[in-house]
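Below, each chain spelled out in residue letters.
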Amino acid sequence: MQWNTSVDFAPLVLFIGGRGKYKIVRTLRDAAEVLMIEWPLDDGEEYVAAVKACADAITGQAGMDELRDLLLSAAREAGIVVLSVIADGGKTAPHMAA
């Protein structure tokens, strides 16, 4: 798995921190950085599962869909609002994970 490619990963916008602060997750590298550096909590079952899925994706033992789903669950657990952009005939759909 390449760190800087966005193949098979629909972008997520995570609103972390104060007003107007957000992080865009498009790649495996983005996911790893947001989980390790930007995440407001370093515990919780969903967070730990997302970190494990990220490590597994790095080593090729997990797919990006699994990582994305667990990242959304961890965001919900942490009270992080997420905007999920999914290519679907030119439409976008917000996913509020709070």
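Relevant structure appears above.
Residues numbered from 1 in each chain as written. Predicted model: local features only at pLDDT ≥ 70, side-chain atom pairs only at ≥ 80, totals over all residues. Heavy atoms only, no water.

Enquirer: Describe the packing of aromatic side chains, naming the residues involved and giving the relevant values.
Expert: Per the counting criterion, the structure on display carries two aromatic pairs. A centroid spacing of 6.1 Å and a plane angle of 55 degrees characterise the contact between Phe 15 and Tyr 22, whose relative ring orientation is tilted. (Phe/Tyr/Trp six-rings, centres within 6.5 Å; stacked < 30°, edge-to-face > 60°.)

Enquirer: Account for the environment of Lys 23, with residues named and values stated.
Expert: Within the fold, Lys 23 resides in strand β2 (residues 23-25). A relative accessible area of 33% means that Lys 23 is categorised as partly exposed. Taking the C-alpha atoms as reference, Lys 23 lies 8.5 Å from Glu 38; in sequence the two are 15 residues apart. Among residues more than four places away in sequence, those in contact with Lys 23 are Leu 12, Val 13, Leu 14, Val 34 and Glu 38. (Helix = DSSP H or I, 4+ residues; strand = E, 2+ residues; numbered from the N terminus. Buried < 20%, exposed > 50% of the residue type's maximum accessible area, 1.4 Å probe, protein only. Contact = heavy atoms within 4.5 Å.)

Enquirer: Account for the packing of helix α2 (residues 45-58) against helix α3 (residues 64-78), with residues named and values stated.
Expert: Packed helices, taken two at a time, are described by their axes: the angle between them and the distance between them. Between α2 and α3, the least distance of the axes is 8 Å, while the angle of their chain directions is 155 degrees. Comparing their axes, α3 and α2 come out roughly antiparallel. The two elements α2 and α3 meet at a crossing, and its hand is left-handed. Note on element contacts: α3 touches α2 through Met 64, Leu 67, Leu 70, Leu 71, Ser 73, Ala 74 and Glu 77, opposite Glu 45, Glu 46, Tyr 47, Ala 49, Ala 50, Ala 53, Cys 54 and Ala 57. Here the contact of α2 with α3 is composed, by residue class, of eleven nonpolar, one polar and three charged. (Axes fitted to C-alpha atoms, helices over the stretch in contact; angles between N-to-C directions. Parallel < 35°, antiparallel > 145°, perpendicular 65-115°, else oblique. Left-handed = near helix turned anticlockwise from the far one by under 90°. Nonpolar A, V, L, I, M, F, W, Y, C, P; charged D, E, K, R; others polar.)

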